[in-house]
Every structure is written in structure tokens, then in C-alpha cells.
Amino acid sequence: KDINLDPLPVKIGIIGGSGLDDPDILENRKATEIDTPYGAPSDALIEGEIAGVKCVLLARHGRKHNIMPSNVNYRANIWAMRQVGCTHLIVSTACGSLREEIRPGDLVMPNDFIDRTTKRSQTFFDGGGQSPQGVCHLSMYPSFSERVREVLIATAKELDYNVHEKATIVTIEGPRFSSRSESNMFRQWGGDLINMTTCPEVVLAKEAGLLYGSVAIATDYDCWRMGCEGVNVQDVLKTFGENVIKVKNILVKAVQNIAKQDWSEDILNAKVINLLYSYDFIF
Ligand code: ADE
């Protein structure tokens, strides 16, 4: 019998951050309520299509935007995306900038992180009765899918948007913003951006074998910059609102660009090889 050498089909999950959870980007949409071994995701999953490509949309903070970063059930969100068959996850996030050259309104495609969260579950392998068996020590290099990041960068360029191609993102627990000393320390550590949600989302996506890329939009200079007032929520929302259309355009076009490529090897690698090297199996 002939072996099927067709590329594996893709299904793309989109996690919309603050202000980017607009279901209108999907055609033929249908809301699905999902439960997972880790509880309920932030909201219903909206399944649909973008230019014929299967997609699933989830509002990270709920469609009413009432879940603060520490209370987002990241495990349920990622598990639910996996449960409905996603191969890729592309997400948006509003961030503070820790670099002069990353100006508010700029787009950035991060490639690394520093985790300063304190209250969040970081693994599906937690020893619980409904969880997968074993212990998982997963490498965080690379933490984001390099190929997905490349597609996001190419897509931004295709749309004539200025984009910073690499960044280390510091995720703080929040909900408070950082002190000036913390902000300066993060700069010295090599942080370029700061937010409250990339960790543990990127970690769990990798554990779940999903190819994860993020489009960050810089909304403020946090509070390290001399002569500037520190970050406040009004400014973050204003700058995000003014630029959210760019993120939306990138996500919609990136879905189509992803679907043009063959991801079979990456999908299998993410699902199997990574995990084989990481699991400390209990038989
Ligand atoms: N999200 C947007 N701006 C931020 C900042 N300065 N710190 C943490 N999260 C943010």
C-alpha cells in the first residue's frame, strides 16, 4: 500500500491578549465549551476558518476581560487548544519596553524569556490522577518556535510594518507594575520587554507539543526611563488600541502564510522527540 506523504494538516490556535479577542476574524465560527483535566479555559473556544485554514480563537483574559494575569488558567487554555487538535499557537501580548529603541507602538517577535512569576503551574505532569504520568524536564532552548517567529517576521514585513526580530521578554507576576529598581535590574539582565502572561504560556505550549509564536506590541517604557512618567493602565490601553489593528492584520495573514508551508517535521518533533528527551517516565 502507498505511504501517504502529504504534509500533516495544520490547525492554528490564536490566543488574543488584551483588546485582541475579536471573533470577527473567523469565518464559519462556532463556540465550543471545553473542560480539561486542569479545569475550564478562560472562555469558550471559537472554532472557525481564516481563508480556509482551520483556526481556534481564545480570549486569554476571557471575553469580558475579567481574569487577571495571575488567575488565567494557562494549563486549561493550552490543554484545550491541544484537545481540539491545534498544531500551532500564535498569540498577542501587550508589553512594556525596556529598551530605548523599542518605542511604544512598535511590534516585536520575542525569542526568549526570563520568568519572574511566582504563583503559576508550569507543567501538565503534576502527579495528579488525570494528568499524564511521569515527570517532564523540558529544555527551554529554544523556547519559542523559531520557524513560527520567522513567519511572523516575514508577515510583518510583507505588510510594511517595522518589526524588532528578537527580544527577551521578562514576565512578572503582577498585577502591580515593577519598581524602578526592578525595571533597571531587568534591563541589566538583558530583558527587552516586560509583560505578565508569556510565562507559563510558552512553557506549557512547548510541553503540549504546540508550535508557539508571539506578536508583542510595546505599549510603554515601564518606569526605568529618566524624565518619563511611569507606566499606567490608561496609557497601555490607549497605545494598544491605536496599534491593535497591526497585530490583527499580522495574525490573519500569518495563518495563511503558515498554511502554505509543510510543518510535518516540526509537528512530529514537537510532539515526540522533545518529549522523549524530557520525560522521566514512571512505569
Ligand atoms: N504590560 C504592558 N506594559 C507592561 C509593563 N510595563 N509591565 C508589565 N506588563 C505590562
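For the structure, see preceding data.
I tried to follow the packing of helix H2 (residues 146-158) against helix H5 (residues 233-259) on my own but got confused; where do I start?
The description of two helices packed together rests on the angle between their axes and the distance between the axes. The geometry of H2 relative to H5 is characterised by a closest axis approach of 9 Å and an angle of 120° between their N-to-C directions. The angle between H2 and H5 falls in the class oblique. In the crossing of H2 with H5, the sense of the turn from one axis to the other is right-handed. Packed against H2, whose contacting residues are Val151, Leu152, Thr155, Ala156 and Glu158, the element H5 presents Ile250, Lys253, Ala254, Asn257 and Ile258 at the interface.

It is not clear to me how the pairing of strand S12 (residues 211-220) should be interpreted in this structure. Could you clarify?
For S12, the buried fraction is high: 10 of the 10 residues fall into the buried class. The pairing of strand S5 (residues 88-97) with S12 spans 9 bridges and is classified as parallel. Pairing of His88 across the sheet is with Leu211, part of S12.

Just checking my understanding: could you explain the packing of aromatic side chains for this structure?
The description of two aromatic rings rests on the distance between their centres and on the angle between their planes. Summed over the entire model, instances satisfying the criterion amount to 6 aromatic pairs. Taking 5.8 Å as the distance between ring centres and 45° as the angle between the ring planes, the aromatic pair formed by Phe144 and Tyr212 counts as tilted. With Phe144 in the loop between strand S8 (135-136) and H2 and Tyr212 in strand S12, the pair connects residues that are 68 residues apart, well separated along the chain. Each member of the pair, Phe144 together with Tyr212, is buried.

For this particular structure, what's the right way to read the nonpolar core?
Among soluble globular proteins, nonpolar side chains are generally buried collectively. Counting residues in each nonpolar core, the largest one holds 40 residues, and the members touching the most others are Leu45, Ile78, Met81, Leu89, Phe124, Leu193 and Leu210. Counting only elements with at least two residues in this core, the list comes to strand S4 (53-59), helix H1 (74-83), S5, helix H4 (198-207) and S12. Those residues within four positions of Leu210 in sequence are excluded, and the remaining contacts are Ile78, Met81, Arg82, Cys86, Thr87, Leu89, Ala205 and Lys271. Ile50, Leu57, Met109 and Phe240 belong to the second largest nonpolar core, which has 34 residues in total.

I would appreciate a short explanation of helix H3 (residues 180-189) in the present structure.
Because an α-helix completes one turn every 3.6 residues, residues spaced three or four positions apart along the sequence face the same direction. Taken residue by residue, H3 has Glu182, Ser183 and Phe186 as its buried positions. End-on, the buried residues of H3 take up no more than an arc of 100°, which puts them together on one face. Structural note: H3 exposes Ser181 and Gln188 on the side pointing more than 90 degrees away from its buried face. Those residues of H3 hidden inside the fold are in contact with strand S7 (112-116), strand S10 (168-172) and strand S11 (193-195). Where H3 ends, the next residue or the one after it, Gly190, has phi of about 105°, a positive value.

What exactly am I supposed to notice about the site of the ligand here?
The immediate surroundings of the ligand are formed by Ala94, Cys95, Gly96, Ile172, Phe177, Ile194, Asn195, Met196, Thr219, Asp220, Asp222 and Val231. One of the backbone nitrogen or oxygen atoms of Ala94 is found 3.3 Å away from a nitrogen atom of the ligand. Between Asp220 and the ligand, the recorded distance is 2.7 Å, taken from a side-chain N or O atom to a nitrogen atom. For the ligand, whose free accessible area comes to 260 Å², the fraction covered by protein is 95%. Where the shell around the ligand is concerned, the elements lending two or more residues are S5, S11 and S12. Here the element with the most residues in the shell around the ligand is S5; it accounts for 3 residues. Here the shell around the ligand is built from residues that sort into 7 nonpolar, 3 polar and 2 charged.

Even after reading the chapter, I still don't get the environment of Met185, so can you show me in this structure?
Within the secondary structure layout, Met185 lies in helix H3. Take Met185: its relative accessible area is 27%, and that puts it in the partly exposed class. On a C-alpha basis, the gap between Met185 and Trp224 in space is 9.4 Å, while along the polypeptide they are 39 residues apart.

Looking at this structure, how should I read a nonpolar patch on the surface?
Together, Val272, Ile273, Leu276 and Tyr277 make up an exposed nonpolar region whose accessible area comes to about 450 Å². Along the chain, Val272 falls in helix H6 (residues 264-276).

What is the right way to read unusual backbone geometry from this model?
Both trends apply: most residues other than glycine have a negative phi, and most peptide bonds are in trans. Cis rather than trans, the peptide bond between Tyr141 and Pro142 has omega equal to -5°. By secondary structure assignment, the location of Pro142 is in the loop between S8 and H2. Cis peptide bonds are those with omega within 30 degrees of zero, and the linkage from Cys199 to Pro200 qualifies with 5°. Inspection of the secondary structure assignment puts Pro200 in helix H4.

Criteria and thresholds
Residues numbered from 1 in each chain as written. Predicted model: local features only at pLDDT ≥ 70, side-chain atom pairs only at ≥ 80, totals over all residues. Heavy atoms only, no water. Axes fitted to C-alpha atoms, helices over the stretch in contact; angles between N-to-C directions. Helix = DSSP H or I, 4+ residues; strand = E, 2+ residues; numbered from the N terminus. Parallel < 35°, antiparallel > 145°, perpendicular 65-115°, else oblique. Left-handed = near helix turned anticlockwise from the far one by under 90°. Contact = heavy atoms within 4.5 Å. Buried < 20%, exposed > 50% of the residue type's maximum accessible area, 1.4 Å probe, protein only. Pairing = 2+ DSSP bridges. Phe/Tyr/Trp six-rings, centres within 6.5 Å; stacked < 30°, edge-to-face > 60°. Core = buried A, V, L, I, M, F, W, Y, C linked by side-chain atoms within 4.5 Å. Arc of directions from axis to C-beta. Near = heavy atom within 4 Å. Polar contact = N/O pair within 3.5 Å; in protein donor to acceptor, adjacent residues only side chain to side chain. Areas by Shrake-Rupley, 256 points an atom, 1.4 Å probe, with all protein chains shown as cover. Nonpolar A, V, L, I, M, F, W, Y, C, P; charged D, E, K, R; others polar. Patch = residues over 30% accessible without salt bridge, like charges linked within 9 Å, V, L, I, M, F, W, Y side chains within 5 Å. Salt bridge = Lys/Arg side-chain N within 4 Å of Asp/Glu carboxyl O.

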